[in-house]
Amino acid sequence: MLSQESLSRIDRELEKYPAEQKKSATMSALRIAQEELGWLSDETIAFVADYLGLTAIEVFEVASFYNMYDLAPVGRHKITVCTNLPCALSGGVHAAEYVKQKLGIDFNETTPDGKFTLKEGECMGACGDAPVLLVNNHHMCSWMTPEKIDQMLADLDK
Amino acid sequence: MSAKELILADLDGDRTWRLQDYIKRGGYEALKKVVSGQMSADDIIGEVKKSALRGRGGAGFPTGLKWSFMPRSFPGDKYLACNSDEGEPGTFKDRDILRYNPHTVIEGMTIAAYAMGCSRGYNYIHGEIFETYLRFEEALAEAREAGLLGEKILGSDFSFDLFAHHGYGAYICGEETALLESIEGKKGQPRFKPPFPASFGLYGKPTTINNTETFASIPFIIRDGGETFLNYGKPNNGGTKIFSISGHVNRPGCYEIEMGTPFPELLEMAGGMRGGRKLKGVIPGGSSAPVVPAAIMMDCTMDYDSISKAGSMLGSGAVIVMDESTCMVKALERLSYFYFEESCGQCTPCREGTGWLYRVVHRIEHGKGRQDDLDLLNSVTANIMGRTICALGDAAAMPVQSFVKHFGDEFQYHIDNKKCLVPPEVQYEGSKIYVGPSC
Ligand SMILES: Cc1cc2nc3c(=O)[nH]c(=O)nc-3n(C[C@H](O)[C@H](O)[C@H](O)COP(=O)(O)O)c2cc1C
Ligand code: SF4
Ligand code: FES
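This one's a predicted model, so the numbers in the text were calculated from it and none came from an experiment.

Draft legend 1. Spotlight on the packing of aromatic side chains. All chains considered together, the criterion is met by 21 aromatic pairs over all chains. Taken together, a centroid distance of 6.4 Å and an interplanar angle of 15° make the contact between Phe47(A) and Tyr51(A) stacked. Separated by four residues within a single helix, Phe47(A) and Tyr51(A) lie in helix 3 (residues 42-52), roughly one turn from each other. Taking the relative accessible area as the measure of exposure, Phe47(A) reaches 24% and is therefore partly exposed. Judged by its relative accessible area of 28%, Tyr51(A) falls in the partly exposed class. Of note, Lys241(B) hangs over the ring of Phe243(B), and the distance from its end group to the ring centre comes to 5.6 Å. If you follow Arg359(B) out to its NZ or CZ, it ends over the ring of Trp356(B), 5.6 Å from the centre.

The structure is reproduced here in structure tokens:
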């Protein structure tokens, strides 16, 4: 189900914890699985559980608790805009509105061509760089003016 | 007074974070001093006590005292955890420390491990800063390669290994016992205390948890002495502190200054008020800290005692600056939504109470407020405060209490007139996309 590369990445994560504490690698294993497969289906969760010697429900509990895991399919690019107060004071909400208008979708929606999903985010610990947004959970973009948003969307669309 | 940088020192120019540059800046000298036997565990803890360093994660607990709670002779592993789960709205200093000076955290943690006899440590890094997590991993690899981590550090008898654990989007994992649960691969739900982590922590073993900036202060304290550190601040408030300034200033960003610096000086360092508008209120210690009206804030100095006298908390040192274009009801509405979203749901007063707070503030903001809503808000907060497992409940209640206390007229205006006191076009102007001169 997961590629050899993903499995060896999970193995490297396992090395960080005492041998009898494999469960500690659950979060990173789910992240790695999501990176490869785009989202976490019940089958993926069961597979990860099996690989770590855990029950599916233990792993599901983790997958459903943390916001950055996607338990339903998302577009090829997930964009999460921070709208919390410190960002909102420097344009976070306006930036989110601009992305909505450009993509023609609201928060928690995906464009009809399946390319983009938009999410509303909480504080990313980067409030001094507002507006900030995350692309596919792992890449942070700072000081997002309309021009930079245009550029970013164009680059992702290539 | 100007900026005084101990943690972010000499990082100007290309801000290089690599091991060799850290060593050029005097890095790892403190660790050498420690593992070569020049200082005993007691000496280290004594020096940290002398420095009056207080936890930089929010609660401000004296670090040396916390370290002395760890059992001395414990058969088996003891753990150390660094809290880099920085998710308190307004706070963005730990990311800068990890991006620009990761080795100072590694060195600080290794010294702490030596002092408390910990064999393993984890740095729990906030989910949204994956790129910073990768950099920290690289820094760890450099340290291991150079014999600064792992077996027999620098040829001594002391072994300690350190790993990075990446979060994945849950504010509550910043709470120290939720953080431990999360490292264990579980939902991040806070534990009942006692037992405290020093007796029952990670995997049930004695564990000490400190904030990133707390650990980052340690190498300086050990190298230059607790006294020197203390003297940069004031009694009971030792050292420098990094303030993350966001909101309506001309240059949002991180500023490391001496504790006790007057707030107006800090404001000036951050470029002053944006567009020349007037200061309305400041949240001086992250979103959980009570808001302070402009006039009181301008008389404060930036240290635990002064901010606490003003009725708020220094917290994480996140200074959220709001000018006269801000609708205080709307500001509170966004914060209340955050706590409602992030409550882990274990305790009824927090789970239900945060929902009530958000819904009532929301209806006031949207012109549907009722005459007794302010009393209702006060009664809901009273029913949350002190009745929950962790401090998130209080963190959700304190902003509500303080906004209603200091800006009650503005709330009442919304209820009476079904609209904002601050005209919409003024609010629009003040919340536009702002790109500061620094970038
Ligand atoms: C809801 C909640 C969130 C917290 N978030 C953080 C955080 O992001 N970073 C942090 O260092 N401490 C956070 N804390 C405080 C920690 O529980 C703990 O006090 C701190 O990490 C101890 O380190 P220190 O003594 O060095 O400050 C949070 C506490 C609560 C109740
Ligand atoms: S106070 Fe809230 S966040 Fe903390 S344990 Fe209780 S329900 Fe969870
Ligand atoms: S509020 Fe947006 S990153 Fe902190």
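Back to the text.
Draft legend 2. Up close: the site of ligand 1. Residues and elements named next belong to chain B. Ligand 1 sits among 18 residues. The nearest are Gly 57, Asn 83, Asn 210, Asn 211 and Thr 214. Arg 56 places a main-chain nitrogen or oxygen 3.3 Å from an oxygen atom of ligand 1. Gly 57 is positioned with one of its backbone polar atoms (N or O) 2.7 Å from an oxygen atom of ligand 1. In terms of residue count, the dominant contributor to the shell around ligand 1 is strand 4 (residues 207-211) (three residues). Across the shell around ligand 1, the residue classes break down as four nonpolar, eight polar and six charged.

Draft legend 3. View of the environment of Arg9(A). All names here are of chain A. On the secondary structure map, Arg 9 appears in helix 1 (residues 4-14). Sequence-wise, Arg 9 and Ala 29 are 20 residues apart; in three dimensions their C-alpha atoms are separated by 8.2 Å. Excluding residues that lie within four positions of it along the chain, Arg 9 makes contacts with Arg 31, Ile 32 and Glu 35.

Draft legend 4. Inspection of the nonpolar core at higher detail. Counting residues in hydrophobic clusters, the biggest one holds 67 residues, and the most contacted among them are Ile44(B), Trp67(B), Leu80(B), Val105(B), Ile106(B) and Phe136(B). Residue contributions to this core peak at eight residues, all from helix 6 (residues 102-116) of chain B. Listed in part, the 49 residues of the second largest apolar core include Leu54(A), Tyr79(B), Ile209(B) and Cys344(B).

Draft legend 5. Structural detail: the interface of chain A and chain B. Taken together, the 51 residues of chain A in the interface contact 65 residues of chain B. Roughly 4,600 Å² of surface becomes buried between chain A and chain B when both sides are summed, with 58% attributable to carbon and sulfur atoms. It is Lys16(A), Phe65(A) and Leu89(A) that lose the most area in chain A upon contact with chain B, and together they represent 15% of the buried surface on that side. Where chain A touches chain B, the interface holds four salt bridges. Notably, a salt bridge pairs Arg95(B) with Asp129(A), separated by 2.7 Å at the nearest N-O pair. Our enumeration of links across chain A and chain B arrives at 30 residue pairs in polar contact (both at pLDDT 80 or more). Only helix 2 (26-37), helix 4 (56-65), helix 5 (85-88), helix 6 (92-103), strand 3 (116-121) and strand 5 (139-141) of chain A provide two or more residues apiece to the side of chain A that touches chain B. Counted by class, the side of chain A that touches chain B contains 24 nonpolar, 17 polar and ten charged residues.

Draft legend 6. Molecular detail of the environment of Tyr203(B). Within the secondary structure, Tyr203(B) sits in the loop between helix 8 (176-183) and strand 4. Residues Tyr203(B) and Lys78(B) lie 125 residues apart in sequence; the distance between their C-alpha atoms is 9.7 Å. Apart from the residues within four sequence positions on either side, Tyr203(B) is in contact with Tyr17(A), Pro18(A), Gln21(A), Ser24(A), Tyr79(B), Tyr122(B), Ile183(B) and Glu184(B). A polar contact is formed between the side chain of Tyr203(B) and the side chain of Ser24(A), at a distance of 2.6 Å.

Draft legend 7. Layout of the confidence of the model for chain B. When pLDDT is averaged along chain B, the result is 95; 97% of the residues meet or exceed 70. This complex was scored by the predictor with a pTM of 0.97 and an ipTM of 0.98.

Draft legend 8. Molecular detail of the site of ligand 2. In the neighbourhood of ligand 2, 13 residues make up the surrounding shell, with Cys344(B), Gln346(B), Cys347(B), Cys350(B) and Cys390(B) lying closest. Of the residues belonging to the shell around ligand 2, the class tally is eight nonpolar, five polar and no charged.

Draft legend 9. Main features of the pairing of strand 1 (residues 79-84) of chain B. Residues and elements named next belong to chain B. Taking burial as the measure, the six residues of strand 1 include six buried ones, the bulk of the element. Here strand 1 shows no split at all, with Tyr 79, Ala 81 and Asn 83 on one side and Leu 80, Cys 82 and Ser 84 on the other all buried. Note that strand 1 and strand 2 (residues 120-125) share six bridges and pair parallel. Its bridge partner being in strand 2, Leu 80 is matched across the sheet by Gly 121. Where strand 1 meets strand 4, five bridges bridge the pair, whose relative direction is parallel. In the strand pairing of strand 4, Cys 82 is matched with Asn 210.

Draft legend 10. Fine view of the pattern of salt bridges. Following the criterion strictly, the structure yields 40 salt bridges over all chains and no others. Between Lys16(A) and Glu13(A) there is a salt bridge, and its shortest N-O distance comes to 3.0 Å. A salt bridge links Glu213(B) to Lys241(B), with the nearest nitrogen and oxygen atoms 2.7 Å apart. Placement of the pair is Glu213(B) in helix 9 (residues 212-224) and Lys241(B) in strand 5 (residues 240-247), with a sequence separation of 28 residues. In this structure Glu213(B) comes out as buried when scored by relative accessible area, which is 0%. Residue classification places Lys241(B) among the buried residues on the basis of a relative accessible area of 0%. Within this structure, Arg9(A), Glu13(A), Lys16(A), Arg31(A), Glu35(A) and Glu137(B) form a network of salt bridges that share partners.

Quick notes on the rules
- Residues numbered from 1 in each chain as written.
- Chains lettered and ligands numbered in written order.
- Predicted model: local features only at pLDDT ≥ 70, side-chain atom pairs only at ≥ 80, totals over all residues.
- Heavy atoms only, no water.
- Phe/Tyr/Trp six-rings, centres within 6.5 Å; stacked < 30°, edge-to-face > 60°.
- Helix = DSSP H or I, 4+ residues; strand = E, 2+ residues; numbered from the N terminus.
- Buried < 20%, exposed > 50% of the residue type's maximum accessible area, 1.4 Å probe, protein only.
- Lys NZ or Arg CZ within 6 Å of the ring centre and 35° of its normal.
- Near = heavy atom within 4 Å.
- Polar contact = N/O pair within 3.5 Å; in protein donor to acceptor, adjacent residues only side chain to side chain.
- Nonpolar A, V, L, I, M, F, W, Y, C, P; charged D, E, K, R; others polar.
- Contact = heavy atoms within 4.5 Å.
- Core = buried A, V, L, I, M, F, W, Y, C linked by side-chain atoms within 4.5 Å.
- Buried area = accessible area lost by both parts, 1.4 Å probe.
- Salt bridge = Lys/Arg side-chain N within 4 Å of Asp/Glu carboxyl O.
- pLDDT = per-residue confidence, 0-100.
- Pairing = 2+ DSSP bridges.

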